[in-house]
Amino acid sequence: MTITLYNTLTRKKEAFEPLEPGVVRLYVCGPTVYSNAHVGHAMSSLVFDILRRYLEYRGYAVRHVMNYTDVDDKIILRAMHEERDPHELAEIYIREYDEHLRALNILPAHITPRVSQEMDEIVRTIQGLVDKGYAYPAGGDVYFRVQKDADYGRLSGRRLDDMQAGARIEVDERKEHPMDFALWKAAKEGEPSWGSPWGRGRPGWHIECSAMCLHHLGEQIDIHGGGNDLIFPHHENEIAQSESLTGQPFARYWVHNGMMQLSGEKMSKSLGNLVTIEDFLSKNEADVLRLMVLNSSYRSPLTFNDEVIEAASKGLERLRNGLRPAFPEAAGAPAETLKVLEEQARTTRAAFLAAMDDDFNSAGALGHLFDLVRAINTARDASATVAELEEAQAALRELTGVFGLRLEKLDGKADAAPFVDLLVQVRQQIRQEKLWALSDQIRDQLAELGVTLEDSKEGTTWRFSR
RNA sequence: GGCGACGUGGCCAAGUGGUAAGGCAAGGGUCUGCAAAACCCUGACCACGGGUUCGAAUCCCGUCGUCGCCUCCA
C-alpha cells in the first residue's frame, strides 16, 4: 500500500515517494508572532501533526522543521505602539505558541528556526540570487526579478499578465516589474536592522523560508506545508527563490490546509472574528479541537461553531467509552459475539489505513473507529471480560494514538482511584440493602467531585469525568 | 475583473461511475430501583437544469449560491 497525497502543485493526488527512501523532509510555515494565536493557527499545526504522526506510524523517519517569523512589519508596528522591544514582543508570543503546541499534544518540530537567528543564511541566499541575475539591488532594497523566472505563477495557477490587471499593486519606481517582490528591505529609522552588502535592513517575508529550508533540510525537500492562504504569494515566491538559486525542484509535494470558518467567514485577525487558542482551551479539552480537525478533510474549510464543538466533545466521550473496562461481574461473552468483535478489530485496522493512505482521509478513518467502538460496546454489554475486550481495545487505543488523541484524562488523579474503588464497593452493599437514597447521594456527591458512577446489572463502573 | 475550491438527511461530514460511512441532535424501544452509559429501530429524490452512459452524488456543459486567493494572513 502506498500513501497518496494531494499536491497543490499538480492539483491532483499523487503517490507519495520521498527523495530518500524512508525519510521525509517536512517544512511547515509557522506563525508570524505578533499577537495571540487563534484556533485557525492551531488547526494548521494539528493538520501537519496528524500528517507527521501518520507518516511516522507508517515507518517514515520525519525531519520536521517549523519556522517562526519573528522579524516582520506587524511585529515592528505593534512593538512601536506598545513602546517595547520587537524581539521581546516576538519572544513572548513564540513562548506562548510553544505552550499551545504542548497543550494541544502537537509533536514539536525537530528544528524551529527564527528569522532573527538565520540572518547570515538569508543574506547569503539573497546574494546568490543577485549573483545569478535573479535579483537586483535598488536603493538599499533588493528585489526578485519575476520576469526572469520562466514558470513564475505555476503553483498558484496565475500568469503575470492576469495578476497585473485587477491587482492593487503599489506602483514603485524602483521595481523593474510591478510583481517583483522584496528580498531585502532597507531599514527605516528606529527599526531593527542587520548589516548586509546592500546596507542595513531586514529580510522580506518570503526569503526566510527559502533560506531556512536550504539551511536545515537541504536543496530539495519532500513536503512543504501551510495554510492555503499562503499559496500566493508566499509559497509561489518561495519556489521562485529556491529554484532560481539551486536550479532544482524545491519541494516535491505542496500540502495546504483549508481555513477555519467562523460564522461563514475565514477566521482572521483583520476581520476580528477569532477565537484564541487560549480562549478555546480554557473551555474545552485539547482533544476536542483535534477531533474537529479529524472529522473533516484537512483541505476543506473547517466549520467552527458551538454546535460543532459540542458534537466533537460528545464524539470524544464516545471514543473514550469504547476504552472503558469490562463490567466487574462480566462472565464472558458468547463465542459468536467475540468472533464479530475480533473481525471488526481487523477490518477497522485495514480500513483505517486505507482511508489515511488516501490523502489522509481522517474523517473516513474516524468513522471506522466509531464502528469499532460500537462492536466493543456490544461485546461489553454481552458480558465480555477484560481479556476478551483487550485486543479490540488495544487496536482502538493504538489508532486513536496515531491521531494524536490522548483520551485518558486521569493525569494526577490516579492516586485517588483506590479510594474511589473502596467507596464503590461499600456503596454496592448499600445498594444490595436497597438504601437508594443513600446510594444516590453518594453517586451525586461523587459526581460533583468529578467522579461519574454508572450502575448496571453487571456491577458499577466509574470514571473521572473531569 | 482574474485564478481556484465547494454546495450530501436538523447540524458537522466521508464517499469520485453500480442506487448513500460515521458523529451530534431528534423520536421510538431494550436494559435499569432511579440516573447515566450502552444497544436496537426510524429519517437523504446527494443545489438546480441539461448531457454522456446499460447505470452518476460521483464524468461533461450551463444556472444559482457560498467560500478562498489576487494586499498581511495558518
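The structure displayed is predicted, hence computed values, not measured ones.

Conventions used here
Residues numbered from 1 in each chain as written. Chains lettered and ligands numbered in written order. Predicted model: local features only at pLDDT ≥ 70, side-chain atom pairs only at ≥ 80, totals over all residues. Heavy atoms only, no water. Pairing = 2+ DSSP bridges. Helix = DSSP H or I, 4+ residues; strand = E, 2+ residues; numbered from the N terminus. Domains from an automatic or database assignment. Buried area = accessible area lost by both parts, 1.4 Å probe. Salt bridge = Lys/Arg side-chain N within 4 Å of Asp/Glu carboxyl O. Polar contact = N/O pair within 3.5 Å; in protein donor to acceptor, adjacent residues only side chain to side chain. Nonpolar A, V, L, I, M, F, W, Y, C, P; charged D, E, K, R; others polar. Near = heavy atom within 4 Å.

Undergrad: Break down the sheet that holds strand S11 (residues 260–262) for me, with residues and values.
TA: In spatial order, the strands read S12-S11-S13; together these three strands make up an open sheet with mixed pairing. The open sheet has two edge strands with one neighbour each: strand S12 (265–266) and strand S13 (302–304). As paired elements, S11 and S13 share three bridges and run parallel to each other. Each bridged residue has a counterpart across the sheet, and for Met 260 the counterpart in S13 is Leu 302.

Undergrad: Please provide a residue-by-residue account of the domain arrangement of chain A, values included.
TA: Once the domains are mapped, chain A shows domain 1 (4–283), domain 2 (326–402) and domain 3 (414–464). Here domain 1 and domain 2 have C-alpha centroids that lie 41 Å from each other. Both sides of the domain 1 and domain 2 interface together cover about 1,100 Å² of buried area, and 58% of this is carbon and sulfur. In this assembly, domain 1 and domain 2 are joined by two salt bridges. Asp 358 is paired through a salt bridge with Lys 13; the nearest N and O atoms lie 2.9 Å apart. Our count for the domain 1 to domain 2 interface comes out at eight residue pairs in polar contact (both at pLDDT 80 or more). No other element matches the six residues that helix H1 (residues 39–57) contributes to the side of domain 1 that touches domain 2. A breakdown of the residues in the side of domain 1 that touches domain 2 according to their chemical character gives seven nonpolar, one polar and three charged.

Undergrad: Give me the protein's contact with RNA strand B: which residues, what numbers.
TA: The environment of RNA strand B is formed by 61 residues, the closest being Trp 205, Gly 227, Leu 230, Lys 266 and Asp 381. Atoms of RNA strand B within 4 Å of the protein: sugar and phosphate make up 68%, bases the balance. Take Ser 297: an N or O atom from its main chain is 2.7 Å from a phosphate oxygen of RNA strand B. Within the contact set of RNA strand B, a base oxygen lies 2.6 Å away from a side-chain nitrogen or oxygen of Arg 443. Among the elements of the structure, H1, strand S9 (221–227), S11, helix H10 (306–322), helix H12 (362–381), helix H15 (436–448) and strand S14 (451–456) are those that each provide at least two residues to the surface near RNA strand B. Looking at side-chain class alone, the surface near RNA strand B contains 15 nonpolar, 27 polar and 19 charged residues.

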